Amino acid sequence: MQIAPVQGHTDAAWRHYHKKMYGGDHTYYTPFIRLERGDFRKHDLKDFLSPLNEGEDVVAQVIFKNMEELLPLVSGLAERGAKKIDLNTGCPFPLQTARGRGAAFVGNEEEYAKLPELLSRFPEVEFSLKMRLGMENPQEWRKIMPILNELPLSHVALHPRVAKEQYGGELHYDEFETFLKESKNPVIFNGEIKTPEDIVRIKERFPGIKDVMTGRGVLGRPSLTAEYEEGTEWDKEKRIRKMMEFHNLLEDHYRSELCGDHQVLSKIKPFWEYAEAEIGRKAWKAISKASNMAKYQSALAMI
């Protein structure tokens, strides 16, 4: 299964301890790596180069607005040992799309046409691509499909929404089906995968897909991957117990790496951001409001 990146959540520690707790044969993606003032952001490189990635299938994901940004990203990561790089053309957030990055790149046909030549310079790197259907119209992808089919990709992960929908509204399953038929590259389904039944349903509906990708779903229910692989839905007690064990491993790690409760709290509270349905609204709200470690521990006791 493919574990999508989520900024501020799926860092090297989260990926490492998720694998340790739940096992499975998964591919993890780094939160997107981008240039800032013409160079790599330090925390992006720290995450990519973390020793916690050793022995795991971790793909470096990059976000860019043109080839002038993409080239140094790919060459810099390749020089640092990257064997797999994912091109993020799917981020829907205005902070990135306003700069021509993420989902906005789908509409930049001039720059898109330059991708085949640039990627050909790095035959040692396995490329993949994550995308949305477009910015506003779910048929925007059709304009760039001929170019997309020229790219030697391990897969295309498609979230069948447009950027303006972000994570709301119905998925455009009809467009996904058309995309699947027209794509010469293997296709991965991404979007609203929250339960083991969702995975089964998507694989039955689209038997031609290569795999399924989940991001927010596995943050809210970390056992999702293990439950699917076992073919058995865990009861709530087991899910929560394993989730707390996972949380405790992460908290111990952050305590060993960071200085003081405030820093630890800022890193560990996001663990629960997507887990309201799993832990209950009362505990979830108390965790969100916790301003110190004592209040945080009291909130955890409500779960």
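Here, the structure is the one placed above.
Computed from a predicted model, the values in this text were never measured in an experiment.

Engineer: Explain helix α13 (residues 260-268) to me, using residue names and the numbers behind them.
Structural biologist: Helical periodicity: at 3.6 residues per turn, an α-helix aligns residues three or four positions apart in one direction. For α13, the complete set of buried residues consists of Val264, Leu265 and Ile268. All buried residues of α13 fall inside an arc of 100° around its axis, so they share one side. Contacts from the buried residues of α13 go to α12 (236-257) and α16 (293-300).

Engineer: So, unusual backbone geometry: which residues are in play, and what are the values?
Structural biologist: If a residue is not glycine, its phi is most likely negative; likewise, a peptide bond is most likely trans. In this structure, Arg37 takes a positive phi of about 55° despite not being glycine. Of note, Arg37 is situated in the loop between β3 (35-36) and β4 (39-40). The backbone of Glu192 shows a phi angle near 60°, a positive value even though the residue is not glycine. Of note, Glu192 is situated in the loop between β9 (187-190) and α9 (196-205). Under the relative-accessibility criterion, Glu192 is labelled partly exposed at 22%.

Engineer: Before we move on, can you summarise the sheet that holds strand β7 (residues 126-134) with the specific residues and values?
Structural biologist: With respect to topology, eight strands assemble into a closed barrel ordered β1-β2-β5-β6-β7-β8-β9-β10, the strand pairing being parallel. In terms of strand pairing, strand β1 (residues 2-3) meets strand β2 (residues 27-29) through two bridges, oriented parallel. Across the sheet, the residue bridging to Gln2 is Thr27, located in β2. Against the sheet, helix α3 (residues 67-79) contacts β5 (58-63), β6 (84-89) and β7, and its axis sits at roughly 160° relative to β5. The strands touched by helix α8 (residues 173-182) are β7, β8 (153-162) and β9; relative to β9, the strand with the most contacts, the crossing angle is about 165°.

Engineer: Outline the layout of surface pockets, listing residues and values.
Structural biologist: Each pocket or cavity is described by its volume, and for the largest pocket that value is around 570 Å³. Around the largest pocket sit 24 residues that line it, and Asp11, Ala12, Lys46, Asp47 and Lys267 are the ones nearest its centre. Of all elements in the fold, only α1 (12-22), α2 (42-48) and α12 reach the threshold of two or more residues within the lining of the largest pocket. In terms of residue count, the dominant contributor to the lining of the largest pocket is α2 (five residues). Taken together, the residues that form the lining of the largest pocket break down as ten nonpolar, eight polar and six charged. The space that makes up the second largest pocket amounts to roughly 440 Å³. Forming the boundary of the second largest pocket are 27 residues, of which Ala4, Pro5, Val6, Lys130 and Tyr167 lie nearest the centre. Counting residues per element, the ones that place at least two in the lining of the second largest pocket are β7, β10 (211-214) and α10 (216-220). Of the residues belonging to the lining of the second largest pocket, the class tally is twelve nonpolar, ten polar and five charged.

Engineer: How would you sum up α12? Please name residues and give values.
Structural biologist: Between its first and last C-alpha, α12 extends 31 Å over 22 residues, near the 32 Å set by a 1.5 Å rise per residue. When we look at burial in α12, the residues that qualify are Arg239, Ile240, Lys242, Met243, Phe246, His247, Leu250, Glu251, His253 and Tyr254. For α12, the elements touching its buried residues are α1, α10, α11 (224-230), α13, α14 (276-279) and α16.

Engineer: Let's hear about the packing of aromatic side chains: which residues, and what values?
Structural biologist: Within the structure shown, the criterion is met by 14 aromatic pairs. With 4.9 Å between their ring centres and 70° between their planes, Phe176 and Phe189 make a pair best called edge-to-face. With a gap of 13 residues between them, Phe176 in helix α8 and Phe189 in strand β9 connect regions that are remote in the sequence. Relative accessible area serves as the criterion here: at 0%, Phe189 is assigned to the buried category. Three or more aromatic residues link up through ring pairs in this structure, and these residues are Trp14, Tyr22, Trp234, Phe246, Phe271 and Trp272. The aromatic ring of Phe40 is capped on one face by Arg80, whose charged end is 5.0 Å from the ring centroid.

Engineer: How would you explain the packing of α12 against α16 if you had to name every residue and give the values?
Structural biologist: Taken N-terminus to C-terminus, the directions of α12 and α16 make an angle of 165°; their axes are 14 Å apart at the nearest point. Overall, the two elements α12 and α16 adopt an arrangement that is roughly antiparallel. Relative to α16, α12 is oriented so that their crossing is left-handed. Between α12 and α16, the contacting residues are Met244, His247, Glu251 and Arg255 on the first element and Met293, Tyr296, Gln297 and Leu300 on the second. Of the residues in the contact of α12 with α16, the class split is four nonpolar, two polar and two charged.

Conventions and cut-offs
- Residues numbered from 1 in each chain as written.
- Predicted model: local features only at pLDDT ≥ 70, side-chain atom pairs only at ≥ 80, totals over all residues.
- Heavy atoms only, no water.
- Buried < 20%, exposed > 50% of the residue type's maximum accessible area, 1.4 Å probe, protein only.
- Helix = DSSP H or I, 4+ residues; strand = E, 2+ residues; numbered from the N terminus.
- Arc of directions from axis to C-beta.
- Contact = heavy atoms within 4.5 Å.
- Pairing = 2+ DSSP bridges.
- Axes fitted to C-alpha atoms, helices over the stretch in contact; angles between N-to-C directions.
- 1 Å grid on protein atoms, 1.4 Å probe; cavity = no way out; pocket = protein on both sides within 12 Å on 5 of 7 lines; lining within 4 Å.
- Points joined across faces, edges and corners; volume = space filled by probe spheres on them.
- Nonpolar A, V, L, I, M, F, W, Y, C, P; charged D, E, K, R; others polar.
- Expected span 1.5 Å × (residues − 1).
- Phe/Tyr/Trp six-rings, centres within 6.5 Å; stacked < 30°, edge-to-face > 60°.
- Lys NZ or Arg CZ within 6 Å of the ring centre and 35° of its normal.
- Parallel < 35°, antiparallel > 145°, perpendicular 65-115°, else oblique.
- Left-handed = near helix turned anticlockwise from the far one by under 90°.

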